Amino acid sequence: MKTILTVLFCAFVSHLIAQPTQTVRGTVLDSESDFPVFGAQVILTLSDSSKLKAMTNDDGVFEFLNVPVGKYPLLIKSSVYENYANSVEVNSGRQTVLEIKVKERISEVEEVVVTAQKPGEVKNEMATVSAQQFSVEETERYAGSRGDPARMASNFAGVQGADDSRNDIVVRGNSPLGIVYKVEGIDIPNPSHFSVSGSSGGPVSIINNKSLANSDFFMSAFPAEYGNSVSGIFDLKLRNGNSKQHEFTGQFGFLGTEVLAEGPLSKKSNASYLIMGRYSTLSLFQFMGIRIGTDAVPVYGDGAFKFNFPMKKGGQLSLWGMGGKSDIKILVSEQTDYTKELYGEGDRDQYFGTGMAVAGLTYKKSLSERTFLTTTFSASIENQHSHHDLLNRSLDTTYEGGEAKVHIRVDSIYRIMGYNFDISKYSGMFSINHKIGKQHIIKTGLNADVLTFNMRDSVLNTAGTQFINRWDYKGQGGILIQPFFQWKYRITETMDFTAGLHAQYYSFSNALSPVEPRLGWKWVMKGNQKLFAGAGLHSQTQPYYTYTYHLDDPSGNKVYHNRKMGFTKSMHSALGYEKNFKKGFQFKTEVYYQYLYEVPVTVQPSSFSMINQGSGFARFFPDTLKNTGTGVNYGLELTLQKFFDKSFYILTTVSIYDSKYKGSDGIERNTSYNGLYTANILFGKEFQLGKGKKHTIGLGGKITVAGGKRYGYINLPETSAQKELIFSDSLFNTRQFKDYFRADLKISWKMNARKVTHEIGLDLVNILNTRNILGLAYAPDLADPSKEPLAEKTQLGFLPIFYYRISFKLAGGKKE
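Rules and cut-offs
- Residues numbered from 1 in each chain as written.
- Predicted model: local features only at pLDDT ≥ 70, side-chain atom pairs only at ≥ 80, totals over all residues.
- Heavy atoms only, no water.
- Helix = DSSP H or I, 4+ residues; strand = E, 2+ residues; numbered from the N terminus.
- Buried < 20%, exposed > 50% of the residue type's maximum accessible area, 1.4 Å probe, protein only.
- Contact = heavy atoms within 4.5 Å.
- Phe/Tyr/Trp six-rings, centres within 6.5 Å; stacked < 30°, edge-to-face > 60°.
- Lys NZ or Arg CZ within 6 Å of the ring centre and 35° of its normal.
- Pairing = 2+ DSSP bridges.
- Axes fitted to C-alpha atoms, helices over the stretch in contact; angles between N-to-C directions.

Caption draft 1: Fine view of the overall build of the chain. From N to C terminus, the chain includes six helices and 45 strands. With respect to the principal axes defined by its C-alpha atoms, the chain has extents near 80 × 80 × 45 Å. Taking all 816 residues of the chain together, 54% fall into the buried category. By sequence separation, contacts in the chain at least 24 residues apart represent 66% of the contacts at least 6 residues apart.

Now the structure itself:
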């Protein structure tokens, strides 16, 4: 028995002290044609300055075995392609699999040395300005990001969150309505749980960062292949599963309990799978009978998958999908203890749920060394449903032991509102890239969406005698077509010029934007400096549900009074400068000007403009609109950062801007998103401990300051009569709440055992519990009805978010 225990103990100790290693492999491709790059030299420099070297094979593949865990510089050199430099993180629980794209040299003189892609540079070769690449590691590492691409992007200069409880983002003063999410070239529905119709955000993202490859985010003057947005584009790339080894990742945390499995589908090919799912942890606690302090528990689940099949002669076929469903019940009727209402919705029970799903088939193929084809077909659906039950309540006073206690009694409860919105969409995308020599690249293609609407909504009239139907549309939602053409001219090794044309037509409203030119320019100067500029025209549809909102004419017939709304249009222009210093430091600044026109505003003179919609949990019910509104955004952005290379990073951003608009009354006002300034500072440090650097302690922080939210004066008589906030139209957005401040802290510990990686993290959001003001709310006081029925609605308070993650190799796979 002692012998057995000794053997087990020695094995356990050996497991702990053994130097953990893992495989690093990848594929090197031409950045314009996606053709494999043969014969490139790949150099990985280890912490002891020793170098691992490999050459890419006919398929552009390289591989390093038994690489010690850590973070190392990676260099790719070729006489035909520009050098590539970046860093690679190696963990014991998962192989490191890379896809690297390099740019062909114009000159064949080997003495010309240019580093093609540095950290933060976008993957899209047509982008020259106002663009940023983000990685999975960044969405994990930045404090307060919660693994969410949108919350991570709010750290960039020119981007800020609209509401702490949601991931809506404001880009350069624009409404969150302008944000578009693309996956594999297809525009997808809002990928957020508890998303309101027409919005682009929600409290929890359906997109799980573990399914993403490095992706791009565009803020202005984006290339011609992108459309239907006047604000920002997330161009998300789904990664392939590991084609050599089966791997598993499990995570338990505040935001959900999730699992991910990936690996090869066949030992005879490089086909792979990736499947993942997540379910809300709080609802699991509730199911097990564990009290968590509230009965309004959000219930949500989501998942994603990708099956990738390499074809003969270099083609790849991928079947992919993602989706999620969410529900919540806020039952005020079950609350008997008296408290002052914080929100107007405190007088009703609310039932709210959402869902979205998208699945697609993507085919990619290099037709030759200079031509690359991509096509995707997909189907998607999104749903929002809700109903409200109004409570009539009164106060009861009881005496227990001579002490008076006040309780709430529900006298009656009845339905006052309900709706169900469904949007189905079939989408197709086709594009082809072609290189003409070494200096000219063209890309052309088409995006098309076929939509179907099913929208129902009714509300009880103010007299409480009958329901009024506001939406009652079931049928075709039209076709949205977006053709594009773009051209890139590599004037020299250090100067690029891009030009393109985009067009857009939406049949449901007969809206047309026939020609949208796009231009870009970039010059890499001596001393690691860059100048870049861009300009373009852009257009955007309105939230789909606003087209089918109807009024009744005197005969009781439905009139879709806003069906013929045109696109909101915008002219973007930006100019920037960048300077790279030693040790990964970079300074960047941009100035921009944006003019918005043909924005929907009311026919009757008022302050209303579509430019102010798109954030929060409320829909809006527009009167008859016309496309005559305007808006202007302009500003200066500054970024100073040190990219995370070995153990430390810092990111400082400052945005100074102004955002104005005009409604149909012709008065210039602040938009609802005009905070005038925002600033962030993020920092992080990792400490590697123990033999073989198996233990990593991470410490990161974030501080955000920004101008306060805009608001106006309340019309108290109308507010009391309508039992909801009614603002004075003429004084809309003339006031501003105090400035916003928030501090976040993140602490993590990671252990790389021999074949397993363990990680524990704690993200302390708003660690100082600062009560930032979001807006005003209708809040009558039951104890004193004579008081003004108003209350300040605050943003998210202190929120600790924890997680535990484990990653390891599963049995099976291919021999290396």
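Caption draft 2: Examining the side chain of Gln542 more closely. Here Gln542 is to be found in the loop between strand S29 (529–540) and helix H5 (544–547). Overall, the relative accessible area of 3% leaves Gln542 in the buried class. Discounting residues that sit within four places of it in the chain, Gln542 has contacts with Tyr547, Met565, Gly566, Phe567, Thr568, Pro600, Met610 and Asn627.

Caption draft 3: Local environment of the packing of aromatic side chains. Overall, the coordinates contain 35 aromatic pairs when judged by the stated rule. Among the aromatic residues, those joined into a cluster by ring pairs are Tyr419, Phe421, Trp471, Tyr545, Tyr549, Phe608, Phe620 and Phe621. Lying over the aromatic face of Phe644, Arg141 brings its terminal NZ or CZ to 3.9 Å of the ring centre. Just above the ring of Tyr713 sits the side chain of Arg735; from NZ or CZ to the centre is 4.1 Å.

Caption draft 4: Seen up close, the sheet that holds strand S4 (residues 61–68). Reading across from one edge, S4-S1-S7 is the order of the three strands in this open sheet, with mixed pairing throughout. Each of the sheet's edge strands pairs with one partner strand only, and the pair in question is S4 and strand S7 (96–102). Pairwise comparison of adjacent strand axes, ignoring direction, gives a mean angle of 20 degrees for this sheet.

Caption draft 5: Main features of unusual backbone geometry. Backbone geometry places Glu184, a non-glycine residue, at a positive phi of 50 degrees. With respect to the secondary-structure elements, Glu184 resides in the loop between strand S11 (179–183) and strand S12 (186–187). One non-glycine residue, Lys583, lies in the positive phi region at around 60 degrees. The topology assignment puts Lys583 in the loop between strand S32 (568–580) and strand S33 (585–602).

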